[in-house]
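A closer look at the structure
Letter by letter, the chains look like this.
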Amino acid sequence: MNTVLVSLLVNSGILLALGAALYAAPSPLLNPHAVPFGVRVPPDKADAPEVSEQRRRYRALLLPATLIVTVAALAIGAVLDSVAVGGVAAVVLCAIAATLWLSAHRALARAKERGNWYENVRQGVVMDTSLRTDPVRLPWAWTIPSFVVIAVTAVAGAIVYPRLPEMLALPERSSSGTVYREITTTFWTAYSLVFAQILLTAAVIGTVAAVLRARADLDVSRPRSSAVRHRRYLSLTARSLLGVAALLNLMLLGLSGMMWSDSRSGAVLTLVIGVPTLAALAVSVPLVRMGPGGSRLALESGDGSGGTGGSGGSDEGTGLVPRDDDRHWYGAGTVYVNADDPAVLVPRRVGIGWTVNVGNPRFLIISAAVLAIAAGATVVSVTVR
């Protein structure tokens, strides 16, 4: 296929997909309902005219910017015959979206202050102590697929290792497409992807364990149903993450097989990477559908919360609204800094999932350990080349 046409297709695909994701970013489906653009507001103000106006303005400016950046990237990519232009254009598009997001964040913060949105409301916080005394358990059974794939990869490597050539070819992405870097065959290089499987699995298990202990963002107006929903959300999230880990390990098994057999087939490489990746995305879809903190999960009957949505009489409204805690959030609601909060992980304000409490000393210790491991891995990688 013509390389110029490939560059055009790749660049357009990257930018249009990114543009669609950024266009949908302010949606209440992807963010906590009462935190538009990272600004905490009372629930009855989540759909206020000021909020709707900022969403409309963000999208009205982002759409033409996406089209302009895409057209410019396609033109430059055609001239230079390189897919790298798409990466640069993606960075530019993200910078534009971040600027528009920050502008909307500041506008809503000013509107909240001018309108005294919290003046006549009762603020409060709620916690479920049973999440500490009787926490959601890590579903160890869901780690078995990952361990099986790792074992299969290790056994296969032990069988083929004595017959491996002196040099191994490892596929890498470059500005001109997929290239194969040759490395000297040693125990460490031959088993490099097996070690990657082990590190990946350990990282996911550690992440799941941390998520299960993360601070819950419960609905202060209906704490009982919110707590039940949060437990179910944690359970489903843990299983989904461990399922994704198994699929990524399967991809690394395929890449190990290609490296050991010296296969350089583009079709095989596409299947080895594409199939597990698409499957992992499919497994991740329910996480998005559940909403931030599982806010859109339907509660099952008999859970003691009044049925679907927690609107039954057994969980009467408290009349409280979440506490205005904007002072602890920076970077338009993306960075949380609170030295008085013992939680290391807290629910994100922008997007779905969790973020770290940068002000917690334990986070600094964990970061130092991760950096030390990364530095050690880099030294080993350079040594074996």
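Scroll up to find the structure.
Summarised in this report is the structure supplied together with it.

Definitions and cut-offs
- Every chain is numbered on its own, with residues counted from 1 as its sequence reads.
- Residues qualify for local features only when their pLDDT is at least 70, as the model is predicted, and side-chain atom pairs are given and counted only at 80 or more; totals for whole chains, interfaces and linings, by contrast, use all residues.
- The side-chain figures draw on all heavy atoms in the structure; neither hydrogens nor water molecules are used.
- Nonpolar cores are built from buried Ala, Val, Leu, Ile, Met, Phe, Trp, Tyr and Cys residues. Side-chain atoms within 4.5 Å join them into one set.
- Note on classification: 1.4 Å probe, protein chains only; a residue is buried when its accessible area is under 20% of the maximum for its type, exposed when over 50%, partly exposed between these limits.
- Secondary structure elements are defined from DSSP: runs of H or I of at least 4 residues count as helices, runs of E of at least 2 residues count as strands, and each element is numbered from the N terminus.
- Residues are treated as being in contact if the distance between any of their heavy atoms lies within 4.5 Å.
- Each axis is a line fitted through C-alpha atoms, taken for helices only over the stretch in contact, and angles between the N-to-C directions span 0 to 180 degrees.
- Orientation is classified from the angle alone, with under 35 degrees giving roughly parallel, over 145 giving roughly antiparallel, 65 to 115 giving roughly perpendicular, and any other angle giving oblique.
- Should the near helix be turned anticlockwise from the far one by less than a right angle, the crossing is left-handed, and should it be turned clockwise, the crossing is right-handed.
- Classes in brief: Ala, Val, Leu, Ile, Met, Phe, Trp, Tyr, Cys and Pro nonpolar; Asp, Glu, Lys and Arg charged; the others, Gly included, polar.
- Here a pair means two rings of Phe, Tyr or Trp (six-membered ring of Trp) with centres within 6.5 Å. Their orientation is stacked below 30 degrees between planes, edge-to-face above 60, and tilted elsewhere.
- Only when the NZ atom of a Lys or the CZ atom of an Arg is both within 6 Å of the ring centre and within 35 degrees of the ring normal do we say a charge sits over the ring.
- A cavity, in this analysis, means grid points on a 1 Å lattice covering only the protein atoms where a 1.4 Å probe fits yet has no way out; a pocket is instead an open set bounded by protein on both sides within 12 Å along at least five of seven lines, and a residue lines either one if it has an atom within 4 Å of a point.
- Grid points are joined across faces, edges and corners, and a volume is the space filled by probe spheres set on the points.

With 26 residues, the main nonpolar core has Leu22, Phe37, Tyr58, Leu62 and Trp101 as its most contacted residues. Of all the elements in the fold, those that place two or more residues in this core are α1 (3-24), α2 (49-80) and α3 (84-115). Broken down by element, the residue count for this core peaks at 10 residues, all from α3. In this view, Trp101 contacts Ala25, Pro26, Asn31, Phe37, Gly38, Tyr58, Ala332 and Val350; residues no more than four positions away in its chain are not counted.

Mapping Thr143 onto the fold places it in the loop between α4 (130-133) and α5 (144-160). Of the residues examined, Thr143 reaches a relative accessible area of 4% and is grouped as buried. Other than its neighbours up to four places away in sequence, Thr143 contacts Leu138, Ile205 and Leu242.

Packing of α2 against α3 brings their axes to within 9 Å, and their N-to-C directions diverge by 165 degrees. One element, α2, and the other, α3, form an angle in the roughly antiparallel class. Viewed along their axes, α2 and α3 form a crossing whose handedness is right-handed. The residue inventory of the contact of α2 with α3, partitioned by class, reads 21 nonpolar, 4 polar and 2 charged.

The next subject is the packing of aromatic side chains. Within the structure shown, the criterion is met by 10 aromatic pairs. Ring centres of Tyr161 and Tyr191 lie 6.3 Å apart, and the angle between their planes is 55 degrees; this geometry places the pair in the tilted category. Remark: Tyr191 occurs in the loop between α6 (187-190) and α7 (192-212) and Tyr161 occurs in the loop between α5 and β2 (167-174); sequence separation between them is 30 residues. Of the residues examined, Tyr161 reaches a relative accessible area of 31% and is grouped as partly exposed. These aromatic residues form a ring-pair network of at least three members: Tyr161, Phe187, Trp188, Tyr191 and Phe195. Looking at Arg59, its charged tip hangs above the ring of Tyr23, at a distance of 5.3 Å from the centre.

Estimated volume of the second largest pocket: approximately 860 Å³. In this structure, the second largest pocket is lined by 35 residues; those nearest its centre are His33, Asp217, Asp219, Pro292 and Ser295. The dominant element in the lining of the second largest pocket, judged by the number of residues it contributes, is helix α8 (residues 223-261), at 5 residues.

On to the packing of α7 against α8, then. Two packed helices can be described by the angle between their axes and the distance between those axes. One way to put it is that α7 packs onto α8 with a least axis distance of 9 Å and a crossing angle of 175 degrees. What the angle tells us is that α7 and α8 run roughly antiparallel. For the pair formed by α7 and α8, the contact residues are Ser192, Leu193, Ala196, Gln197, Leu200, Thr201, Val204, Ile205, Val208, Val211 and Leu212 on the first element and Leu234, Ala238, Leu241, Leu242, Ala245, Leu248, Asn249, Leu252, Leu253, Leu255, Ser256 and Met259 on the second. Looking at the contact of α7 with α8, its residues break down into 18 nonpolar, 5 polar and no charged.

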